[in-house]
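One-letter residues, chain by chain:
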Amino acid sequence: AEKGEIIALLGPSGCGKTTLLNLIAGFLQADGGTVLVDGVDLKDTPPHRRDMAMVFQSYALFPHMTVEANVAFGLEMRGVSKAEAKQRVADALKVVKLDGMQSRYPRQLSGGQQQRIALARALVVRPSLILLDEPLSNLDALLRKNMREDMRQILKDAGITAVVVTHDQEEALVMADRIILMSAGRIEQISVPSELYEYPRTVFGARFMEMSNLIDGVIVSREGDVVVVETPIGMLRAKEKEGRIGEGVTIAVRPENIALATDSGENRLSGQVMRDSYHGPVRRIDVAVGNQTIIAHVPVRRCGVKLGEKLSVSWHASDARALTNGEAERRVSSSPLLPLS
């Protein structure tokens, strides 16, 4: 990781995100490998000597202490003078936009304010690395959306490298400079957010990033960087630079890239509307094509379909990815974790 970069550890529950965070922090002892910070292996260094700060899911504020005492706690442990600690606490509270609240207690603060206090307590010690474990999971949906952008801005303004654990795809996309997607203790992909969202490299990545249209098939020919794939519902085209003739693949297409009726696209299929559900800005349309269900997210103003009617769907080859679907051919299963700095 570059200095000041925000890295997200993303994946489903139980995939090893928090375990990896605890290994970085030193709360768990690694069976092997290294934990590199600025080129120095910290594997055998105790937590209190790692120059890191942790922001916990539960905030872990002391209820009997004022905001000022909570934020200053780490400074006291480091032997910082009271005068310097008071100034640094004031500066940290200003960064998180809670200056003037020094005398309040955690019970007098909202959930979002408590989260900011927990972040200020981490920032005030000026660590080389901040670790955040599901920092927004206890907030309601609307506040969580607002806080993830605020937290990113606070971390970027502070210029401190951060590693944040989350199982929320959108949260990782908004907050992170790079995302490490994990599954069952393994790294699936390391990418910038837009690449992970638009170009997942594995079937797991496509599923997790909600590329809900997955169609299995076999490559039968190639047209430049587009492969022609024979599937149970017809010949389909998708982007794939390395696929070989005869190789089994899974075509992945995002639902927002599926067009209805007369819209154009190299891949065109006909089917029957099986579901039409309202999702705010879009409607989800499920179209049965043979034994395959094609899901389209269509802007509400453009949607006028009826259940049971025949409907054609289409998408461009450039909006589809042909992913190797064999577990033995997972491309990044042995990817090393990026060194932290």
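Here the structure is a predicted model, which is why all the values come from computation and not from measurement.

Definitions and limits used
Residues numbered from 1 in each chain as written. Predicted model: local features only at pLDDT ≥ 70, side-chain atom pairs only at ≥ 80, totals over all residues. Heavy atoms only, no water. Helix = DSSP H or I, 4+ residues; strand = E, 2+ residues; numbered from the N terminus. Buried < 20%, exposed > 50% of the residue type's maximum accessible area, 1.4 Å probe, protein only. Contact = heavy atoms within 4.5 Å. Areas by Shrake-Rupley, 256 points an atom, 1.4 Å probe, with all protein chains shown as cover. Lys, Arg positive; Asp, Glu negative; His and termini not counted. Charge placed at Lys NZ, Arg CZ, Asp CG, Glu CD. pLDDT = per-residue confidence, 0-100. Patch = residues over 30% accessible without salt bridge, like charges linked within 9 Å, V, L, I, M, F, W, Y side chains within 5 Å. Salt bridge = Lys/Arg side-chain N within 4 Å of Asp/Glu carboxyl O. Core = buried A, V, L, I, M, F, W, Y, C linked by side-chain atoms within 4.5 Å.

Chemist: Which residues make up the overall build of the protein, and what are the values?
Modeler: Scanning the protein for helices and strands turns up 8 helices and 18 strands. For the protein, the C-alpha atoms occupy an extent of roughly 75 × 45 × 30 Å along the three principal directions. By residue count, 48% of the 341 residues in the protein fall in the buried class. Restricting to contacts in the protein with at least 6 residues of sequence separation, those with at least 24 account for 66%. Split by element, the accessible area of the protein, about 16400 Å² in all, is 50% carbon and sulfur. Charge centroids of the protein, computed over 42 positive and 42 negative side chains, lie 4 Å from each other.

Chemist: Tell me about the confidence of the model for the protein, and please be specific about residues and values.
Modeler: Confidence in the prediction for the protein averages 88 pLDDT; 93% of positions are at 70 or higher. Confidence, expressed as mean pLDDT per element, reaches its minimum in the protein at strand β2 (residues 36–37) with 86 and its maximum at strand β1 (residues 6–10) with 97. This model gives residues 327–337 a pLDDT under 50, and the stretch forms 21 contacts once residues within four places in sequence are excluded.

Chemist: Tell me what's going on with a nonpolar patch on the surface, and back it up with residues and numbers.
Modeler: A cluster of nonpolar side chains, Phe27, Leu28 and Phe56, forms an exposed patch at the surface whose accessible area comes to about 260 Å². Structurally, Phe27 can be placed in the loop between α1 (17–25) and β2.

Chemist: Quick one: what's the story with the pattern of salt bridges, residue by residue and with numbers?
Modeler: Overall, the coordinates contain 16 salt bridges when judged by the stated rule. For the salt bridge of Glu5 with Arg178, the shortest nitrogen-to-oxygen distance reads 2.7 Å. Residue Glu5 is found in the segment before β1, and its partner Arg178 is found in strand β7 (residues 178–183); the two are separated by 173 residues along the sequence. According to the relative accessible area criterion, Glu5 is buried, its value standing at 10%. Between Arg116 and Asp150 there is a salt bridge, with the nearest N and O atoms lying 2.8 Å from each other. Pair noted here: Arg116 is in helix α4 (residues 111–123) and Asp150 is in helix α5 (residues 141–158), with a separation of 34 residues, a long-range link. Relative accessible area serves as the criterion here: at 13%, Arg116 is assigned to the buried category. Judged by relative accessible area, Asp150 falls into the partly exposed class, the value being 32%.

Chemist: Summarise the nonpolar core; cite the residues concerned and give the values.
Modeler: Ranked by size, the top nonpolar core spans 46 residues in total, and within it Val71, Leu93, Ile130 and Leu132 carry the most contacts. In terms of residue count, α4 provides more of this core than any other element does, 6 residues in total. For Leu93, the contacting residues outside a window of four places in its chain are Val67, Val71, Leu98, Asp99, Gln102, Ile117 and Ala120. Counting residues in each nonpolar core, the second largest holds 26 residues, with Val273, Ala296, Val298 and Ala322 among its members.

Chemist: Describe unusual backbone geometry, naming the residues involved and giving the relevant values.
Modeler: Despite not being glycine, Ala60 has its phi angle at roughly 55 degrees, a positive value. Within the fold, Ala60 resides in the loop between β4 (52–55) and α2 (67–77). Its identity is not glycine, yet Lys97 carries a phi of approximately 60 degrees, on the positive side. Note on placement: Lys97 falls in the loop between α3 (82–95) and α4.

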